[in-house]
Amino acid sequence: MTWEKRPVSAEGAPDVADVRAARKVFIKSYGCQMNVYDSQRMADTLAPQGYVETQNAAEADVLILNTCHIREKAAEKVYSELGRVRKLKDAAEQDGRRMVVAVAGCVAQAEGEEILKRARTVDLVVGPQSYHRLPDMLRQVARGERPVDTEFPVEDKFDVLANPTRHATRARGVAAFVTVQEGCDKFCTFCVVPYTRGAEISRPAAKIIAETERLADAGVREVTLIGQNVNAYHGLGPDGRDWTLARLLYRLAEIPGIARLRYTTSHPRDMAADLIAAHGDLPALMPQLHLPVQSGSDSILAAMNRKHTRADYLAVIDRLRAARPELALSSDFIVGFPGETERDLRDTLELVETVGYASAFSFKYSARPGTPAAEMDDQVPESEKEARLAILQAAIERNRQAFNTGCLGTTFDILFERPGRHPGQLVGRSPYLQAVQVQAPSTRIGELASVTITEVGSNSLFGSLAHPAAEDGARLSPAMAMGA
Ligand code: 5AD
Ligand code: SF4
């Protein structure tokens, strides 16, 4: 069936009975967890229009690239991906189908109209704050327009977005993300986020509570609250006051069925006392925290406008560990920031050893157009960045292996998420976010089980059920969930 032949109603909306059977949307997500969440919400918003998600790009009626602009030649990568998409679009056309191609996310925000000029294959461009307008924009495309929306609209997109069906939520698994905060006012000199995602805003607590209740009702057991600067959360509470992230976490922990809470990504400056205390008080708050430091050198931290020193960062970690001694930490690091010397790198390596990270991401500095650091003198040559990255990654890897090896023989709760690589195996997450492979029946997906770690692999841990017989067939009850 061709796009053109589909019956169209007076408003230009395709006939629902017809499209329910036929329309498919393929969404490719790049970058951070917020993009994964946004992609899901785009799918939810298109579902009432009769679109079902497909994993096969070739059969899509609507193909969306949800792009990331944080590092490297992000825009160039999108343009080369669009070259491949054009072939799919041409093949669809030869089959008598129209494929609508949309560019969403932070590259869409940064490039806007330019994308339409450079890539004839693109039908619409939608920024991260406007994707609730997708159904309208698709109608514009059906009328022969090529709409661009990169506004920061006054309306709250979350008020307009459709909620996922219970079925869609279940299909996404037992661990889910919920956006609680977006944007950033910190303006680190290397970072595009304040420009692409805009000023910091927090969603009202009541909406987050309602969304989490819906997730729990559909079987979700673990919720990760996400935001570019999540611990700066200060949303309107149901009592009319501003709620902190800690306050929100205590409330979400009361929701029956929610066994585990996490939040990411945090800024060291916003690790407030009540949030640190929550790590000691709240069993549902997992003992794992992503707390990016970016560099271990004070002069680089100052040039990055991080607004904290190395000592500030270490002091926060001391307080966190006093509240929750087994807390596992992860971080982001940038090497080769303008002016970084070998001495600065040594400071970073020393910090890695001092903290003892369970894992960490590390990146070569990449000059982002429009950011202050891109204009700084003393840009570090690419070859030097590569050499430094290799040294840092080796140190991080040693830390990670040491942390994992330390788990050998210990027993902790695993939340089973999905089938494993081998028959009879399930993959679950440890409290510290490690993937753990366990022999267990697939009926146990969605359960928390006590697992003893028996082997440490390169990418995951292996474990066995601590009480296989007693727990056999046991379902996670809300009571167990709260006490986990
Ligand atoms: N170059 C390299 N890495 C960057 N990040 C953000 N901007 C840049 C950049 N210009 C990294 C930071 C951040 C993570 C999400 O991406 O480490 O914490
Ligand atoms: Fe970017 Fe994070 Fe800095 Fe905000 S706090 S500018 S998101 S690195």
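Scroll up a little and you will see the structure.
Residues numbered from 1 in each chain as written. Chains lettered and ligands numbered in written order. Predicted model: local features only at pLDDT ≥ 70, side-chain atom pairs only at ≥ 80, totals over all residues. Heavy atoms only, no water.

The environment of ligand 1 is formed by Ile70, Arg71, Phe190, Gln294, Asp332, Ile334, Phe363, Lys364, Tyr365, Ser366 and Arg368. Between ligand 1 and the protein, one listed contact pairs an oxygen atom with a side-chain N or O atom of Arg71 at 2.6 Å. Phe190 is positioned with one of its backbone polar atoms (N or O) 2.9 Å from a nitrogen atom of ligand 1. Listed by contribution, the elements that provide at least two residues to the shell around ligand 1 are β15 (328-335) and β16 (359-364). Along the lines of polarity and charge, the residues of the shell around ligand 1 split into five nonpolar, two polar and four charged. (Near = heavy atom within 4 Å. Polar contact = N/O pair within 3.5 Å; in protein donor to acceptor, adjacent residues only side chain to side chain. Helix = DSSP H or I, 4+ residues; strand = E, 2+ residues; numbered from the N terminus. Nonpolar A, V, L, I, M, F, W, Y, C, P; charged D, E, K, R; others polar.)

Given 3.6 residues per turn, any residue in an α-helix points the same way as the ones three and four places further on. Taking 1.5 Å per residue, 14 residues should reach 20 Å; helix α15 (residues 342-355) reaches 20 Å between its end C-alpha atoms and fits that length. The complete set of buried residues in α15 reads Asp344, Leu345, Asp347, Thr348, Leu349, Leu351, Val352 and Val355. The first or second residue beyond α15 is Gly356, which carries a positive phi of 70 degrees. (Expected span 1.5 Å × (residues − 1). Buried < 20%, exposed > 50% of the residue type's maximum accessible area, 1.4 Å probe, protein only.)

Here we come to the packing of aromatic side chains. On inspection of all chains with the given rule, the structure shows six aromatic pairs. Aromatic side chains Phe190 and Phe337 sit 6.4 Å apart centroid to centroid with 85 degrees between the ring planes, which places their arrangement in the edge-to-face category. Taken together, the positions of Phe190 in the loop between β8 (181-182) and α9 (193-196) and Phe337 in the loop between β15 and α15 put the pair 147 residues apart, joining distant regions of the chain. By relative accessible area, Phe190 is classed as buried at 10%. (Phe/Tyr/Trp six-rings, centres within 6.5 Å; stacked < 30°, edge-to-face > 60°.)

Strand order in the closed barrel made by the five strands is β17-β18-β19-β21-β20, with mixed pairing throughout. Strand-to-strand, the axes of this sheet are offset by a mean angle of 55 degrees, without reference to chain direction. Inspection of the sheet shows strand β19 (residues 435-439) paired to strand β21 (residues 461-465) by three bridges, in the parallel sense. The residue bridging Gln437 from the neighbouring strand is Phe462, located in β21. (Pairing = 2+ DSSP bridges. Axes fitted to C-alpha atoms, helices over the stretch in contact; angles between N-to-C directions.)

The next subject is empty space enclosed by the protein. This structure, assessed with the given rule, holds one cavity of 30 Å³ or more. Computed from the structure, the largest cavity encloses a volume of approximately 30 Å³. Around the largest cavity, the lining residues are Leu261, Arg262, Tyr263, Leu285, Met286, Gln288 and Leu289. Those elements giving two or more residues to the lining of the largest cavity turn out to be β13 (260-264) and β14 (288-290). Here the lining of the largest cavity gets three residues from one element, more than from any other, and that element is β13. A class-by-class count of the residues in the lining of the largest cavity yields five nonpolar, one polar and one charged. (1 Å grid on protein atoms, 1.4 Å probe; cavity = no way out; pocket = protein on both sides within 12 Å on 5 of 7 lines; lining within 4 Å. Points joined across faces, edges and corners; volume = space filled by probe spheres on them.)

In terms of residue burial, β19 counts as a mostly covered element, since four of its five residues are buried. In textbook terms, the turn of a hairpin is the stretch between consecutive antiparallel strands, and for strand β18 (residues 425-429) and β19 this stretch comprises five residues, one of which, Leu433, has a positive phi near 80 degrees.

Bringing the pattern of salt bridges into the picture now. Within the structure shown, the criterion is met by 34 salt bridges. Put simply, Arg139 and Asp136 hold a salt bridge, and the shortest N to O gap is 3.3 Å. Note that Arg139 and Asp136 are positioned in helix α6 (residues 134-142) at a spacing of three residues, about one turn of the helix. For Asp136, a relative accessible area of 39% translates into the label partly exposed. When the shortest N-O distance is used, the salt bridge between Glu182 and Arg197 registers 3.2 Å. Of the two residues, Glu182 is situated in strand β8 and Arg197 in the loop between α9 and β9 (201-202); the sequence distance between them amounts to 15 residues. Side by side, Glu182 and Arg197 carry an identical accessibility label, which is buried. If you follow the salt bridges from partner to partner, you end up with Arg41, Asp44, Glu53, Arg172, Arg203 and Glu211 in one network. (Salt bridge = Lys/Arg side-chain N within 4 Å of Asp/Glu carboxyl O.)

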